[in-house]
Amino acid sequence: MKRSCMIFLLILSLSAAAGNREMPRFTYGVEWSYIAFIHHGLHNNFYAPDGYRVDENSSDIRSGLNAEASIHAGYNISDRWNLSVFLGYMGISGMHNAIPVSIRGTHYFRKNTNGDRWFAFTDLGSGVCLTSRPQEILTAKIGAGYRIPLSRRVKLDLKADARTIYTHPEVIYYNDTIHWDSVNRNNAYLSGISVGIGLTF
């Protein structure tokens, strides 16, 4: 009987603690980013229409402007840590569009969940490039931002990040698109920066 009372009191205390949390356990939201790809690396290996093999390598600094829209759902591990899954739609420097899926870990630098606070995050993921033959992409981001609470549930996030993407664009040779059967390698590596805004609920 005494043990049962102790267990009951423990359950009550845990329930009360959960009910007094200053922030919700589960989160969801939307995010929009403006991306400037700066470095473009390319490695293609393919057979030209005349039958000979071509191996191309290039690396250059140029501007490629795109946008990304994402939705996300996550879990507040503590007042300072959140882990979320992001699903997005983005353009990749005029090459093609893509659907990235990533996991983001975010650390907040103040414990007060109802006040403004800085945060930093790391984002790693994969996805699909939307070409005539979809292939896997890889993405990585590291960034920081500033969170402004609009209410207990609604937060406004302003953020910036550096990112890199590994993808597989279609191969263009003298204005001709090379058929996939003639392509041995079509790798592209892009790096850039972005700024964005988001709402988290």
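Keep in mind that what you see is a predicted model, and the values were worked out from it rather than measured. (Residues numbered from 1 in each chain as written. Predicted model: local features only at pLDDT ≥ 70, side-chain atom pairs only at ≥ 80, totals over all residues. Heavy atoms only, no water.)

Draft legend 1. Examining the side chain of Ser70 more closely. The residue Ser70 is located in strand β2 (residues 53–76) in this model. The buried category is assigned to Ser70, whose relative accessible area is 9%. Ignoring any residue separated from it by four or fewer positions in sequence, one finds Ser70 in contact with Gly29, Val30, Glu31, Phe86, Leu87 and Gly88. (Helix = DSSP H or I, 4+ residues; strand = E, 2+ residues; numbered from the N terminus. Buried < 20%, exposed > 50% of the residue type's maximum accessible area, 1.4 Å probe, protein only. Contact = heavy atoms within 4.5 Å.)

Draft legend 2. Up close: the sheet that holds strand β5 (residues 117–130). Judged by pairing direction, the barrel is antiparallel, and its eight strands sit side by side in the order β1-β2-β3-β4-β5-β6-β7-β10 before closing back on the first. With strand direction ignored, the average angle separating the axes of adjacent strands in the sheet is 20 degrees. The pairing of strand β1 (residues 26–47) with strand β10 (residues 183–200) spans 17 bridges and is antiparallel. Note on β10: the bridge partner recorded for Leu42 is Ala188. (Pairing = 2+ DSSP bridges. Axes fitted to C-alpha atoms, helices over the stretch in contact; angles between N-to-C directions.)

Draft legend 3. Layout of the layout of surface pockets. Approximately 210 Å³ is the volume attributed to the largest pocket. In terms of lining, the largest pocket is formed by 14 residues, of which the most central are Leu42, Asn44, Arg62, Met95 and Pro169. Contributing elements (two or more residues each) for the lining of the largest pocket: β1 and β2. When grouped by side-chain class, the residues that make up the lining of the largest pocket number five nonpolar, five polar and four charged. (1 Å grid on protein atoms, 1.4 Å probe; cavity = no way out; pocket = protein on both sides within 12 Å on 5 of 7 lines; lining within 4 Å. Points joined across faces, edges and corners; volume = space filled by probe spheres on them. Nonpolar A, V, L, I, M, F, W, Y, C, P; charged D, E, K, R; others polar.)

Draft legend 4. A look at the side chain of Asn66. With respect to the secondary-structure elements, Asn66 resides in strand β2. At 2.5 Å, the side chain of Asn66 forms a polar contact with the backbone nitrogen of Ser93. (Polar contact = N/O pair within 3.5 Å; in protein donor to acceptor, adjacent residues only side chain to side chain.)

Draft legend 5. Just the environment of Pro134, in detail. Note on placement: Pro134 falls in the loop between β5 and β6 (135–149). Between the alpha carbons of Pro134 and Pro169 there is a distance of 9.4 Å; along the sequence they are 35 residues apart. Not counting chain neighbours up to four residues away, the residues in contact with Pro134 comprise Val128 and Cys129.

Draft legend 6. Representation of the pairing of strand β3 (residues 81–92) within the structure. Across nine bridges, the pairing between β2 and β3 is antiparallel. Bridge pairing in β3 links Tyr75 to Leu83. Turn length for the β2-β3 hairpin, with the two strands adjacent in sequence and antiparallel, is four residues. The pairing of β3 with strand β4 (residues 96–108) spans ten bridges and is classified as antiparallel. By the bridge assignment for β4, Asn82 is matched with Thr106. The antiparallel hairpin formed by β3 and β4 contains three residues in its connecting segment, where Ser93 sits at a positive phi of about 50 degrees.

Draft legend 7. Up close: the nonpolar core. Membership of the largest hydrophobic core is limited to ten residues, which are Ile35, Phe37, Met90, Ile92, Ala98, Cys129, Ile137, Ile165, Ala188 and Leu190. When residues of this core are traced back to their parent elements, those giving at least two are β1, β3 and β10. Those residues in contact with Ile92, other than ones at most four positions away along the chain, are Phe37, Asn66, Ala98, Ile165, Thr167 and Leu190. Among the nonpolar cores identified, the runner-up in size contains seven residues, and Ala48, Val171, Tyr173 and Val183 belong to it. (Core = buried A, V, L, I, M, F, W, Y, C linked by side-chain atoms within 4.5 Å.)

Draft legend 8. View of empty space enclosed by the protein. Evaluated as defined, the whole model comprises three cavities of 30 Å³ or more. One number sums up the size of the largest cavity: a volume of about 180 Å³. Taken together, 16 residues line the largest cavity, and the ones lying closest to its centre are Thr106, Tyr108, Arg147, Asp157 and Thr200. Mapped onto the lining of the largest cavity, the elements with two or more residues apiece are β1, β2, β3, β4, β5 and β7 (155–167). In terms of residue class, the lining of the largest cavity is built from four nonpolar, seven polar and five charged. Here the second largest cavity is characterised by a volume of approximately 70 Å³. Along the walls of the second largest cavity sit Met23, Pro24, Thr27, Asn76, Thr113, Arg117, Arg147, Arg152, Arg153, Lys155, Thr200 and Phe201, which together make up its complete lining. Across the lining of the second largest cavity, the residue classes tally to three nonpolar, four polar and five charged.

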